[in-house]
Amino acid sequence: MLLSAAALAGWVDAVVGGGGLLLLPALLVAAPGMPPATALGTNKLAAIAGTSTAAVTFARRTTIDWRVVGPAAALAVFCAGLGAALAGAVPPSAYRPVVLVVLVSVALFVVLRPRLGVRAVPRRRTRVRVVAVVLVAGVGIATYDGLIGPGTGTFLVVAFTALVGADFLHGSAMAKVVNAGTNAGALVVFAATGHVWWLLGAAMAVCNIAGAAVGARMAVRRGSGFVRAVLLVVVFALVAKLGYDQWLAG
């Protein structure tokens, strides 16, 4: 079950992000005694393999603006590590309602702006907007990824699309580079505190790589419309999952 979930999560992460929506619950179901921090750390080991594979695939087949992505990824390593260090101190009930509101806002934003991300809008890539997206992606979203994770790639795609005018395909490519940085930063902290099951994580990483390679190639081949459709499906699934956890679980 975990290997299948890892492969599917790799595909979802490569296209638009949100693979943690599949893999984290699978980990907690398959190993009910696993501490949440260990589930997060083991997930990061699998996820960094997949996101790195997707980032390389996108870099070979699309153009990535490294002037934007480079600083964001560098900040993301540090800030995701900070989030991971705080992961055990912040209960899910404290941030789940905030994430729900953000996800619903993202869904409405994308639905009500059907032209968003269909084509690139280079004029939006001003200096102020570049600084803003570097801080949003490299600090805000990266810290969230270290804390809990699911939806990080989706938030990154929307940030690059809305703030600097990337189309969904190139926004997804940029997101993969930053997401690889967030996974690396968080993994270092989780590993240092003993919250990684290495053998299990390595096995899932192999499957995550396979799913990510297929997903990245499919995204490049089918383009921004396909990425937008998958993004909406993932966002609505995240809203449903977090809503269930908030009001119905337990």
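This report concerns the structure included in the present document. (Residues numbered from 1 in each chain as written. Predicted model: local features only at pLDDT ≥ 70, side-chain atom pairs only at ≥ 80, totals over all residues. Heavy atoms only, no water.)

## With respect to the side chain of Asp167
Mapped onto the elements of the fold, Asp167 is located in the loop between α7 (152-164) and α8 (168-192). No salt bridge is formed by the buried Asp167. Its closest oppositely charged neighbour is Arg125, at 8.0 Å. In this structure the side chain of Asp167 is engaged in a polar contact, spanning 3.1 Å, whose partner is the backbone nitrogen of Leu169. Once residues within four sequence positions are removed from consideration, Asp167 is found in contact with Gly117, Val118, Arg119, Ala120, Thr161 and Ser224. (Helix = DSSP H or I, 4+ residues; strand = E, 2+ residues; numbered from the N terminus. Buried < 20%, exposed > 50% of the residue type's maximum accessible area, 1.4 Å probe, protein only. Lys, Arg positive; Asp, Glu negative; His and termini not counted. Salt bridge = Lys/Arg side-chain N within 4 Å of Asp/Glu carboxyl O. Polar contact = N/O pair within 3.5 Å; in protein donor to acceptor, adjacent residues only side chain to side chain. Contact = heavy atoms within 4.5 Å.)

## Focus: the nonpolar core
Ranked by internal contacts, the top residues of the largest apolar core, which has 81 residues, are Val16, Phe160, Val178, Phe190 and Leu231. Top contributing element to this core by residue count: α8, with 10 residues. With residues near it in sequence (within four places) discarded, Leu231 still touches Val16, Val110, Thr154, Val157, Val158 and Phe168. (Core = buried A, V, L, I, M, F, W, Y, C linked by side-chain atoms within 4.5 Å.)

## Some remarks on the packing of α7 against α8
Where α7 contacts α8, the axes come no closer than 8 Å and their chain directions differ by 130°. In terms of their interaxial angle, α7 and α8 are classed as oblique. Relative to α8, the crossing made by α7 is right-handed. The segment α7 lies against α8, with Thr152, Gly153, Leu156, Val157, Phe160 and Thr161 engaging Phe168, Gly171, Ser172, Met174, Ala175, Val178, Asn179 and Thr182. (Axes fitted to C-alpha atoms, helices over the stretch in contact; angles between N-to-C directions. Parallel < 35°, antiparallel > 145°, perpendicular 65-115°, else oblique. Left-handed = near helix turned anticlockwise from the far one by under 90°.)

## Quick look at the pattern of salt bridges
Summed over the entire model, instances satisfying the criterion amount to three salt bridges. A salt bridge links Arg67 to Asp65, with the nearest nitrogen and oxygen atoms 3.3 Å apart. Arg67 gets classed as exposed once you look at its relative accessible area, which sits at 70%. Two residues, Arg125 and Asp65, come together in a salt bridge whose shortest N-O distance is 2.9 Å. Of the two residues, Arg125 is situated in the loop between α5 (92-112) and α6 (127-147) and Asp65 in the loop between α3 (36-61) and α4 (66-86); the sequence distance between them amounts to 60 residues. Among the ionic contacts, a cluster of salt bridges with common partners joins Asp65, Arg67 and Arg125.

## Some remarks on the environment of Gly211
Along the chain, Gly211 falls in helix α9 (residues 198-222). Taking relative accessible area as the criterion, Gly211 reaches 8% and is therefore assigned buried. Put simply, Gly211 and Val15 are 196 residues apart on the chain and 10 Å apart in space, counted from C-alpha to C-alpha. Setting aside residues no more than four positions away along its own chain, Gly211 makes contact with Ala7, Gly10 and Trp11.

## Re α6
Along an α-helix, residues three or four apart share an orientation, since each turn contains 3.6 residues. With 21 residues, α6 ought to run about 30 Å at 1.5 Å a step, and its terminal C-alpha atoms sit 29 Å apart, in line with that. Roughly 30° is the biggest bend found in α6, and it falls at Ile141. (Expected span 1.5 Å × (residues − 1). Bend = angle between axes of the 7 residues up to and from the residue.)

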